[in-house]
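Read off the chains here:
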Amino acid sequence: MPNDRLNEADYVRPVRRLVLAVLVIVLGALFLLWRIDSPRVERFRMAFVDTVVPSMDWAMAPITQATRMIDDFRSYARIYEQNQELRRELQQMRAWREAALQLEQRNAQLLDLAQVRLDPRLTHVTGVVMADAGSPYRKSVLINVGERDGIVDGWAVMDGLGLAGRIAGVGQRSSRVILLTDTNSRVPVMLQPSGQRALISGDNSPLPLLEFVEEAEDVRPGDRVVSASDGGVFPPGLLVGEVVLGTDRRLRVQPAADYGRLDFLRVLRSRPAERIEHSGSLLRPLSLDGTPVTPTRDPEGGDDPAPATPGAADE
Amino acid sequence: MNEALRLDTLAFLALYLCIAAAIVFLRLLPIDMSGNGLPWPDILLCLTMAWLLRRPAHLPAPVIGLVFLVEDLVTLRPPGLWALLVLAGSEFLRRRQSVVREINLALEWAMVAGVMIAMTLANRLVLAIVMAPQAPLDLSLLKLAFTVAIYPVVVLVLHFVLRVRKPATGEVDELGRKL
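Conventions we followed
Residues numbered from 1 in each chain as written. Chains lettered and ligands numbered in written order. Predicted model: local features only at pLDDT ≥ 70, side-chain atom pairs only at ≥ 80, totals over all residues. Helix = DSSP H or I, 4+ residues; strand = E, 2+ residues; numbered from the N terminus. Buried ≥ 20, exposed ≤ 12 C-beta atoms within 10 Å, placed from the backbone. Contact = placed C-beta atoms within 7 Å. Pairing = 2+ DSSP bridges. Axes fitted to C-alpha atoms, helices over the stretch in contact; angles between N-to-C directions. Expected span 1.5 Å × (residues − 1). Nonpolar A, V, L, I, M, F, W, Y, C, P; charged D, E, K, R; others polar. Core = buried A, V, L, I, M, F, W, Y, C linked by C-beta atoms within 7 Å. Parallel < 35°, antiparallel > 145°, perpendicular 65-115°, else oblique. Left-handed = near helix turned anticlockwise from the far one by under 90°.

Asker: Outline the overall build of chain A, listing residues and values.
Answerer: The secondary structure content of chain A amounts to 4 helices and 12 strands. Across the 315 residues that make up chain A, the buried fraction comes to 19%. Put simply, of all contacts in chain A between residues at least 6 apart along the chain, 50% involve residues at least 24 apart.

Asker: Outline the overall build of chain B, listing residues and values.
Answerer: Per the secondary structure count, chain B includes 7 helices and 0 strands. For chain B, the succession of helices and strands along the chain, N to C, is α-α-α-α-α-α-α. Looking at chain B residue by residue over its 179 residues, the buried ones come to 30%. Residue pairs in contact within chain B that sit at least 24 positions apart in sequence constitute 71% of those at least 6 positions apart.

Asker: I'd like to hear about the sheet that holds strand β12 (residues 264-269) of chain A, residue by residue, with values.
Answerer: All names here are of chain A. One closed barrel holds the 6 strands; their spatial order is β1-β2-β5-β4-β3-β12, and the pairing between them is antiparallel. Strand after strand, the sheet turns through a mean of 45° between neighbouring axes, direction not considered. As paired strands, strand β4 (residues 163-170) and strand β5 (residues 175-179) are joined by 4 bridges and run antiparallel to one another. Bridging from a neighbouring strand, Gly165 pairs with Leu179 of β5.

Asker: Report on helix α6 (residues 105-129) of chain B, specifying residues and quantitative values.
Answerer: All names here are of chain B. The first and last C-alpha atoms of α6 sit 36 Å apart over 25 residues, in line with the 36 Å expected at 1.5 Å per residue. When α6 is considered as a whole, its buried residues turn out to be Glu108, Val112, Val115, Met116, Met119 and Asn123. Tucked inside the fold, the buried residues of α6 contact α2 (43-54), α4 (81-95), α5 (97-100) and α7 (137-160). Of the residues trailing α6, Met131 is marked for its positive phi of about 55°.

Asker: Summarise the environment of A:Arg269; cite the residues concerned and give the values.
Answerer: Residue and element names in this part refer to chain A. Here Arg269 shows up in strand β12. Separated by 118 residues in sequence, Arg269 and Ile151 have C-alpha atoms that sit 7.7 Å apart. Apart from the residues within four sequence positions on either side, Arg269 is in contact with Thr123, His124, Val125 and Trp155.

Asker: Explain the interface of chain A and chain B to me, using residue names and the numbers behind them.
Answerer: Between chain A and chain B, the contact holds 23 residues from the first and 22 residues from the second. For the side of chain A that touches chain B, the elements supplying multiple residues, two or more each, are α1 (12-36), α2 (38-52) and α3 (57-77) of chain A. Sorting elements by how many residues they give to the side of chain A that touches chain B places α1(A) first, with 10 residues. Tallied by class, residues from the side of chain A that touches chain B come to 18 nonpolar, 2 polar and 3 charged.

Asker: Tell me about the nonpolar core, and please be specific about residues and values.
Answerer: Ranked by internal contacts, the top residues of the largest apolar core, which has 41 residues, are A:Leu27, B:Cys46, B:Met49, B:Ala50, B:Ala83 and B:Val86. Looking at this core, the elements with two or more residues in it are α1 of chain A together with α1 (2-28), α2, α3 (61-74), α4, α6 and α7 of chain B. Looking at this core element by element, the count peaks at 10 residues for α2(B). Contacts of B:Met49, omitting those with residues within four sequence positions, involve B:Ser90, B:Leu93 and B:Val112. Ranked by size, the runner-up nonpolar core spans 36 residues in total, among them A:Trp155, A:Ile178, A:Ile200 and A:Leu265.

Asker: Could you give an account of the pairing of β5(A), naming the residues involved and the relevant values?
Answerer: Residues and elements named next belong to chain A. Most of β5 is tucked away, with 5 of its 5 residues classed as buried. Of the two faces of β5, both are covered, the one formed by Ser175, Val177 and Leu179 as well as the one formed by Arg176 and Ile178. Two strands pair when backbone bridges link them, and strand β2 (residues 140-143) and β5 are joined in this way by 4 bridges, in the antiparallel orientation. Along β5, the bridge assignment pairs Leu142 with Arg176.

Asker: Talk me through unusual backbone geometry; I want residue IDs and the actual numbers.
Answerer: Looking along the chain, the bond that leaves A:Gln192 and enters A:Pro193 is cis, with omega of 5°. Unlike most non-glycine residues, A:Asn204 shows phi in positive territory, near 70°. Structurally, A:Asn204 is set in the loop between β7 (197-201) and β8 (209-211). Note on A:Asn204: 14 C-beta atoms within 10 Å, which makes it partly exposed. Phi angles above zero are rare outside glycine, and B:Leu76 is one such case at about 60°. Locating B:Leu76 in the fold gives a position in the loop between α3 and α4.

Asker: Can you tell me about the packing of α3(B) against α4(B), naming the residues and giving the values?
Answerer: Residues and elements named next belong to chain B. Two elements in contact, α3 and α4, have axes whose closest approach is 8 Å; the angle formed by their N-to-C orientations is 150°. Between α3 and α4, the angle falls in the class roughly antiparallel. The two elements α3 and α4 meet at a crossing, and its hand is right-handed. In contact with Ala61, Ile64, Gly65, Phe68, Leu69 and Asp72 of α3, α4 contributes Trp82, Ala83, Val86, Leu87, Ser90 and Glu91. Looking at side-chain class alone, the contact of α3 with α4 contains 8 nonpolar, 2 polar and 2 charged residues.

Asker: Describe the packing of α2(B) against α4(B), listing the residues and the values that go with them.
Answerer: All names here are of chain B. For the pair α2 and α4, interaxial distance at closest approach is 9 Å and the crossing angle is 25°. It follows from the interaxial angle that α2 and α4 lie roughly parallel. Like other packed secondary-structure pairs, α2 and α4 cross with a definite hand, here right-handed. Along its contact with α2, which presents Leu45, Thr48, Met49, Leu52 and Leu53, the element α4 presents Val86, Ser90, Leu93 and Arg94. In the contact of α2 with α4, the residues fall into 6 nonpolar, 2 polar and 1 charged.

Asker: Would you mind going over the pairing of strand β6 (residues 186-192) of chain A in detail, with residue names and values included?
Answerer: All names here are of chain A. Of the two faces of β6, the one lined by Val187, Val189 and Leu191 is fully buried and the one lined by Arg186, Pro188, Met190 and Gln192 carries no buried residue. Summarising the sheet, β6 and β7 pair through 5 bridges and their orientation is antiparallel. Each residue of the ladder has a partner; that of Met190, found in β7, is Arg197. Counting the residues that bridge the hairpin from β6 to β7 gives 4 residues, and of these Gly195 lies at a positive phi of roughly 75°. With 4 bridges connecting them, β6 and strand β9 (residues 224-227) associate as antiparallel partners. Across the sheet, the residue bridging to Met190 is Val226, located in β9.

Next up, the structure:
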C-alpha cells in the first residue's frame, strides 16, 4: 500500500502500533471480563453511569420546558375545535335550562292544584316593628301584634330569612321580641352537617356565641345552624345562620336575619310539643274484647300466678 | 503559526467530542427518538467514519476507542466489543485514507458500507460465540441499513457545515508537512 506520510518521524509508526495494540487488548479484555464476571463489570458500568448521568439534570430542564411548550402550542392549535365544541355544549345546556324552567313552572302549578301545605302547623302572624326598644344592654324590638292576635309567650320570630328571636312579653296590642343577640337569649340549635347540638347565647355583640359544642373539631366556619326543638320552645329546622370564627378564636353564629333592617317580623304559631308524662307500663296480654288482662292470684295455688283466663280477668 | 494550527487540530478534536457527547446525551434522554419502534441510525458511527476519511489527524485511535467505550457503557451494550470493532474498522479505513482521497463519494460510500456490514457481522458472530444475548436480527439489520443510508447526509453536513473536507492537493498540516 502506498503511504504518503513518508516524512513522519521514524519512531511514530511503532508507537502508534503499540498504542493500538494496547487499546485492542484492553477493549478485548474488558469484553471477556464482562462475559466471565458480568456482575462486577455491570457494577462498574452502573457506577460510571451514576457519576455521569446526574450531572445531566440541568440539561433536562430546558428540554422538558420545550416539550411542554410544544404541548401548549398543540393545544393552541386545537383552540378553534375546542371553541366549537364548547358552543355545541352550551347550546345543549340552553335546551336543558329551558326544560328545567318549564318543569319548575309545571311543578308550581301542580303544587297549587293539589293545595299542598308544606307544614300545616307553621302558620304565622306578620307584625310591623313599632319601636326598637333596645338599649346597649337589651336587644329587643316591639311589634304591633299582641294578645289580641293570639300571640303567646315564647313563640319564634323570624324575618324573611332566618330566626330573629322569640316573643318575651305580650301586651294587648303589642309584644316584645328579644333578639338572639340579647344576653338573655339562649336558643338550642343543631349544626349541619355535623349534626351536633349546641346553644346560642347572646352576649350583646352582633355575633352570638355558640356554646356547649361537644366536638368543636367537627365544626367549621360556614356550617349551617338550624334551630332544634330541644326544650320544646322552637319548631325544628328553622334557619338561624352560619358558624363563623370570631376574632377571639371562639365559635360564633352569624345570624341569617338582617338585624340592621328589621321591618316586618313573622311570629310563628307553634303548638307546645306533646309531653310524655307516663313511664312505660307492663305489656299485658289482651282479652277477647281488647282490654288488658289483669293478672290475679290463684286462691289455691300458693304463690304461682294463675294462667290468665278470660273468666278470671273480670274483677 | 505552527502553534495556531496545532490549536486548530485540537479545536476540531474538541468539536468531535462535543458532537459525540451530544449524540450520546440525546440517546439517553427520556424522549422516544425511535418513533414507531424503528431503530435509530448510528449517527456517531457515520460521523466518525466520514471524519476519519477526511482528516485522520483529527481523530487519534485512543479517542475513538474511548468515545465508543463510553457509548457502550452508557447504552448498556456489552462493554468493549463494539468499541473494539469500531477501532478495527476505523484503523482499516485510516490505512486506506490515501485511496479514499482519490475516489468519489459513491465508491467511498460503498467502502464504508462494506466496513459497517463487516463490523455488524463480526459483532453478532462474537456475541453468538460467547453466547451473550443480542438484539433481534431484523432490528440490527434495519439499523445497519439506516446507518448506511444516512452516511451521505453526514458527509454533506461535515463538508458544508463543519467544513471538514478532504485535503486539497498541496495542502499542508500544522507542522508544514504535505498531507
